[in-house]
Amino acid sequence: DVLCHLAMEMFVSAGLPAGLAEDRVRRFILAVRASMLDNPYHNFYHVFDVMQTTNALATATGTMARLDSWERFALLSAALC
């Protein structure tokens, strides 16, 4: 799925915390997608949009640069959920 791949790319480009395997993050993304209810608005497209917008704003404002790797992971994870 393209959105799952792009979500993974956001996590990787933000810098995964040491010891956190990409495969574990990939499974997390897939679990979030699988838990989405059949809703015309609050669906995985909306979730991805929130994550991408959060990433874009945090990057543009310099917030991402001020966070450590776990904080960046937490920010993107919260946006995804």
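Structure: above.
Residue positions are given per chain, counted from 1 along the sequence in the order it is written. Given that the model is predicted, a residue must reach a pLDDT of at least 70 before its local features are reported, and side-chain atom pairs must reach 80 or more before they are shown or counted; all residues, however, enter totals for whole chains, interfaces and linings. Only hydrogens and water are removed before side-chain values are computed, so all heavy atoms of the structure are retained for them.

1. Quick notes on the nonpolar core
Item 1. Nonpolar cores were defined as sets of buried Ala, Val, Leu, Ile, Met, Phe, Trp, Tyr and Cys residues, with membership established by side-chain atoms within 4.5 Å. Partly exposed residues are those whose accessible area sits between 20% and 50% of the maximum for their type, while under 20% is buried and over 50% is exposed, using a 1.4 Å probe and protein chains only. Phe11, Val25, Ile29, Phe44, Met51, Leu76 and Leu80 are the most contacted members of the largest nonpolar core, which totals 21 residues.
Item 2. Secondary-structure elements contributing two or more residues to this core are α1 (2–14), α2 (22–34), α3 (44–60) and α5 (69–80).
Item 3. Helix numbering and strand numbering both begin at the N terminus, where a helix is a DSSP run of H or I of at least 4 residues and a strand a DSSP run of E of at least 2. Per element, the largest residue contribution to this core is seven residues, and it comes from α1.
Item 4. Every residue pair with non-hydrogen atoms within 4.5 Å of one another is taken to be in contact. Once you skip the residues sitting within four places of it in the chain, Leu80 turns out to touch Phe11, Phe28, Ile29, Val32, Phe44, Val47 and Met51.

2. Some thoughts on the packing of aromatic side chains
Item 1. Note on aromatic contacts: the rings of Phe and Tyr and the six-membered ring of Trp form a pair at centre separations within 6.5 Å, being stacked when their planes are under 30 degrees apart, edge-to-face when over 60 apart, and tilted otherwise. Under the criterion given, the structure shown has two aromatic pairs.
Item 2. Summarising the aromatic geometry, the rings of Phe11 and Phe73 are spaced 5.3 Å apart at their centres and angled 45° between planes, so their arrangement reads as tilted. Placement of the pair is Phe11 in helix α1 and Phe73 in helix α5, with a sequence separation of 62 residues.
Item 3. A residue is classified by how much of its surface remains accessible, and Phe11, at 2% relative accessible area, is buried.
Item 4. Classification of Phe73 by relative accessible area gives buried; the value is 18%.
Item 5. For the pair Trp70 and Phe73, a centre-to-centre distance of 6.0 Å together with 90° between the ring planes defines the contact as edge-to-face. Here Phe73 and Trp70 lie together in helix α5, a separation of three residues that amounts to about one turn.
Item 6. Among the aromatic residues, ring-to-ring pairing joins Phe11, Trp70 and Phe73 into one connected group.

3. Topic: the pattern of salt bridges
Item 1. We count a salt bridge whenever a side-chain nitrogen from Lys or Arg sits within 4 Å of a carboxyl oxygen from Asp or Glu. Here the structure, examined in full by the defined rule, presents four salt bridges.
Item 2. Salt-bridge contacts for Asp23 lead to Arg26; the nearest nitrogen and oxygen are separated by 4.0 Å. Of this pair, Asp23 and Arg26 are both found in helix α2, three residues apart, which corresponds to roughly one turn of the helix.
Item 3. Given the relative accessible area of 36%, Arg26 is considered partly exposed.
Item 4. Taken together, the shared-partner salt bridges in this structure form one network comprising Glu22, Asp23, Arg26 and Arg27.

4. Things to note about the state of the cysteines
Item 1. Count a disulfide wherever a pair of cysteine sulfur atoms falls within 2.5 Å. A full pass over the atoms with the stated rule returns zero disulfides.
Item 2. Among the cysteines around Cys4, which has no disulfide bond, Cys81 carries the closest sulfur, lying 12 Å off.
Item 3. Looking at Cys4, the relative accessible area reads 9%, which means it is buried.
Item 4. Exposure remark for Cys81: the relative accessible area of 64% places this residue in the exposed category.

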